[in-house]
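Coordinate inspection notes
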Amino acid sequence: MAEPESLRCSSVRNRGGVQRVEGKLRASVEKGDYYEAHQMYRTLFFRYMSQGKHAEARELMYNGAILFFSYNQQNSAADLSMLVLEVLEKSDTKVEDEILENLAKLFSLMDPNSPERVAFVSRALKWSTGGSGKLGHPKLHQLLAVILWKEQNYSESRYHFLHSSDGEGCAQMLVEYSSSRGYRSEVDMFVAQAVLQFLCLKNKNSASVVFSTYTEKHPSIERGPPFVQPLLNFIWFLLLAVEGGKLTVFTVLCEQYQPSLKRDPIDYLNFSFLLFFGVPPKQSPSYGGLLGNLLNSLMGSGEEDDVAEEAHEDSSPIELD
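The text that follows walks through the structure, step by step, so that each part is easy to find. (Residues numbered from 1 in each chain as written. Predicted model: local features only at pLDDT ≥ 70, side-chain atom pairs only at ≥ 80, totals over all residues. Heavy atoms only, no water.)

**Thoughts on the packing of aromatic side chains**
Heads up, the condition is: A pair of aromatic rings is counted whenever rings of Phe, Tyr or Trp (Trp by its six-membered ring) have centres within 6.5 Å, and the orientation is called stacked for planes under 30 degrees apart, edge-to-face for over 60 and tilted otherwise. Put simply, a charge is over a ring when the Lys NZ or the Arg CZ is close to the ring centre, within 6 Å, and near the line of the ring normal, within 35 degrees.
Per the counting criterion, the structure on display carries eight aromatic pairs. Three or more aromatic residues joined by ring pairs make a cluster, and in this case those are Tyr154, Tyr177 and Phe190. Directly above the ring of Phe107 sits Arg117, whose terminal nitrogen or CZ lies 3.8 Å from the centroid.

What follows is the structure in structure tokens.
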């Protein structure tokens, strides 16, 4: 019993020490001594890291970054934000919702046009999957997507939604995106591309959710199915065919809806044949864009697990405007 009690006392003392240090640093910032305060934060960071006090270092850098952001000291705040990531990268900290939410908070406060923001989100996503080369933790992607949505950066928001599991949020964002930036004739294209991109990432559930939510909430889409727009009917049937794994149904769909599918330069059909039914396409025309890269990768390697990696090479979704 004595040892746990001593550990608790030590933790309380450490927390009290951090609070006292933070108080002094806050006073310096409030006086406008930004440079001196920034240097002191960095000094304390390296001291804590050398002592193995990773949690204290992370907390101090996070609170310091928030403080600098509140005084519009973007450079100092971004630097401390990077140090938060450095703690995470060099310690055995487990991925938890609170940490992901803190990272998203820092991202939201950064200047959207700063190169530091790009570097920060890249490192944060890499850390969130243990440096495994995966595309990032779905929860972090979802948090980033919502932030970018609020900034009306719909294209980048969609990219992050695609790598999350939030099909409903993605659909609501796409409704706003389509209504504010798209043509009425493109209403079906917004959701069709999103559904196919979710499918290419093997996320059938989110593909279904984004389709049903989008078609229910979009003010320019009459209630269905069936729908007025042929492409929406194709996507609806496609989701049923993929779920049931019925190649015959899929083949008939492709033939019947060929005119609607030719509206877009990206050939979705051969891609879907390969990914969901294991059947090579009848021919190998040239492909472009994200799904073209995916298809070419599949044809070259024969390994479906390469899909997500190829998707990551295209840093943003297919543009519609």
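Still to come is the rest of the account.
**Some thoughts on empty space enclosed by the protein**
Note the threshold: In the cavity and pocket records, a cavity denotes points on a 1 Å grid over the protein atoms alone where a 1.4 Å probe fits but cannot get out, a pocket denotes an open set with protein on both sides within 12 Å along at least 5 of 7 lines, and lining residues are residues with an atom within 4 Å of a point. Grid points are joined across faces, edges and corners, and a volume is the space filled by probe spheres set on the points.
The final tally for this structure, using the stated rule, is two cavities of 30 Å³ or more. In this model, the second largest cavity occupies a volume close to 30 Å³. Lining the second largest cavity are Leu199, Lys204, Ser208, Leu239, Val242 and Glu243.

**Re the packing of helix 11 (residues 204–217) against helix 12 (residues 230–244)**
Condition: Geometry is summarised by axes, namely lines fitted to C-alpha atoms with helices restricted to the contacting stretch, and by angles between N-to-C directions that run from 0 to 180 degrees. Here a helix means four or more residues in a row that DSSP labels H or I, a strand means two or more in a row labelled E, and each is numbered from the N terminus. Note on angle classes: values under 35 degrees are labelled roughly parallel, values over 145 roughly antiparallel, values of 65 to 115 roughly perpendicular, and the remainder oblique. Should the near helix be turned anticlockwise from the far one by less than a right angle, the crossing is left-handed, and should it be turned clockwise, the crossing is right-handed. Contacts: residue pairs with any heavy atoms within 4.5 Å of one another. Gly is put with the polar residues, along with every residue not named as nonpolar or charged; the nonpolar set is Ala, Val, Leu, Ile, Met, Phe, Trp, Tyr, Cys and Pro, and the charged set is Asp, Glu, Lys and Arg.
Running from N to C, helix 11 and helix 12 point in directions that differ by 150 degrees, and their axes come no closer than 11 Å. Regarding the angle of helix 11 to helix 12, the classification is roughly antiparallel. Where helix 11 crosses over helix 12, the handedness of that crossing is left-handed. For the pair formed by helix 11 and helix 12, the contact residues are Lys204, Ala207, Ser208, Phe211 and Thr215 on the first element and Leu232, Ile235, Trp236, Leu239, Val242 and Glu243 on the second. Within the contact of helix 11 with helix 12, the residues separate by chemical class into seven nonpolar, two polar and two charged.

**Focus on helix 12**
Our working definition: Expected helix span is taken as 1.5 Å per residue step, with the number of steps being one fewer than the number of residues. Only protein chains enter the calculation, and the probe is 1.4 Å; a residue is then buried if its accessible area is under 20% of its type maximum, exposed if over 50%, and partly exposed in between.
With 15 residues, helix 12 extends 21 Å from end C-alpha to end C-alpha; this agrees with the ideal 21 Å at 1.5 Å per step. The complete set of buried residues in helix 12 reads Leu231, Leu232, Asn233, Phe234, Ile235, Leu238, Leu239, Ala241 and Val242.

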